[in-house]
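Read off the chains here:
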Amino acid sequence: MDDIRLTAELRRDGFSADDIARGCRDGRLSRVRRGAYASSNPVDGRPEDLHLRLVMATLPQLRRDAVLSHDSAAVVHGLPVWSRGLDRVHITRPRIGGGVERGVVVVHSSDLPDDDVVELHGLRVTSMARTVADLGRTRPIDQSVAAGDRAMTLGLDRHTLDAVIAAQRGWPGVPRARQVAKLIDGRAESPGESVSRVRCWEAGLPKPTLQYVVRCDGVQIGRCDFAWEELGTLGEFDGRVKYGRLLRADESIQDVVYREKQREDALRDLGWQVVRWTWGELYEPGTVANRLRRAFRRGRLVAL
């Protein structure tokens, strides 16, 4: 991100306003935000990378007490963030008062103990625990759980998270953050699995076992995202990233799909009900829960 240059720097190097405008037209410069430009234009960049570029273009224009927080801190920590939350740079300042939006910057004002601030990649950001707590208070619960799940795999200590949330007692959204802390689980392997688990919780379904291994005569038949053993049902979230992760050398996606079908046939042959769903179905109210309930009923009949 060292290609970010502020207008003042360009002017010192002899660029006039017309030169800057001309550079943007011919592609030599790319406007990142007001007063900041880049020497390249990542048209196909990931939303997280584009957000980091916005962060690097914004921080030099802020006071030194600004600490990256919320979605911006999540990106720096490598936590999943929904793209709609990446069009603003979130900072927290250690002072009492309400938040405010100024252009592309969202300023949060709150108590900010030294233990809640770390330096990462040369940036001052809220700690992993503080970031998950802030997301839990301010973001939808499914998105917050997805971030918390990933944080657990990266070393987040649950007791530390509980302590940070306890210190925020009385702040808006704290009850939701407490619920997020109860739901997070480091065994989730993707945001889709995290959201799936939240959908099951919202629907009042029994709590599943995660990353369940099915064996027959000592041989592993498959490992599934979710299992309800007593109900004879397995659940699988199908995402593009998952299929890419299963891809072996010299294989195509079609090979992976065929191998997954063979695995599912073997699971069904053992008497399991298998329910699969996609991202889109997670956002269709009741779709996944109703399919699982039907599978539970079939699973009970098989068990009888």
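Everything below is about the structure shown above.
Along each chain, residue indices are assigned from 1 in the same order as the chain's sequence is written. Per-residue local features are limited, in this predicted model, to residues with pLDDT of at least 70; the limit for side-chain atom pairs, both in listing and counting, is 80 or more; totals at the level of whole chains, interfaces and linings are taken over all residues. With hydrogens and water excluded, all non-hydrogen atoms of the structure serve as input to the side-chain values.

Draft legend 1. Broad picture of the overall build of the protein chain. Working definition: helices are DSSP H or I runs of at least four residues, strands are E runs of at least two. Numbering for both runs from the N terminus. The helix and strand inventory of the protein chain stands at 13 helices and 13 strands. Sorting the 304 residues of the protein chain into buried and exposed places 45% on the buried side. The contacts of the protein chain with a sequence gap of at least 6 include a subset with a gap of at least 24, amounting to 57%. All accessible-area figures derive from a Shrake-Rupley calculation using a 1.4 Å probe, and residue coverage is judged against the displayed protein chains alone. Element-wise, carbon and sulfur atoms account for 50% of the exposed surface of the protein chain, whose accessible area totals about 16200 Å². Think of it in three bands: with a 1.4 Å probe and only protein chains considered, a residue is buried below 20% of the maximum accessible area for its type, exposed above 50%, and partly exposed in between. Contact between two residues is taken to exist if any of their heavy atoms lie within 4.5 Å; hydrogens are not considered.

Draft legend 2. Region of interest: the pairing of strand β12 (residues 233-238). Summarising burial for β12: 6 of the 6 residues are buried, a large majority. Here β12 shows a buried face lined by T233, G235 and F237 and a second buried face lined by L234, E236 and D238. Strand pairing is defined by DSSP finding a minimum of two bridges between the two strands. Judged from the 3 bridges that link them, strand β11 (residues 219-228) and β12 form a sheet pairing that is antiparallel. Its bridge partner being in β12, F226 is matched across the sheet by G235. Adjacent in sequence and paired antiparallel, β11 and β12 are bridged by 4 residues, among which G232 carries a positive phi angle near 60°. Here 6 bridges tie β12 to strand β13 (residues 273-278), and the two strands are oriented parallel to one another. Counted as the bridge partner of L234 is V274 from β13.

Draft legend 3. Region of interest: the packing of helix α5 (residues 128-138) against helix α8 (residues 174-183). Angles run from 0 to 180 degrees between N-to-C directions of axes, and those axes are lines fitted to C-alpha atoms, restricted for helices to the stretch in contact. Taken N-terminus to C-terminus, the directions of α5 and α8 make an angle of 120°; their axes are 7 Å apart at the nearest point. The angle between the axes of α5 and α8 places the two elements in the oblique class. When you trace α5 past α8, the crossing you get is right-handed. Note on element contacts: α8 touches α5 through V174, R176, A177 and V180, opposite A133, G136, R137 and T138. Note on residue categories: nonpolar means Ala, Val, Leu, Ile, Met, Phe, Trp, Tyr, Cys or Pro, charged means Asp, Glu, Lys or Arg, and polar means any other residue, Gly included. In terms of residue class, the contact of α5 with α8 is made up of 4 nonpolar, 2 polar and 2 charged. Comment on the angle field: the value is read as roughly parallel under 35 degrees, roughly antiparallel over 145, roughly perpendicular from 65 to 115, and oblique elsewhere. Should the near helix be turned anticlockwise from the far one by less than a right angle, the crossing is termed left-handed; should it be turned clockwise, right-handed.

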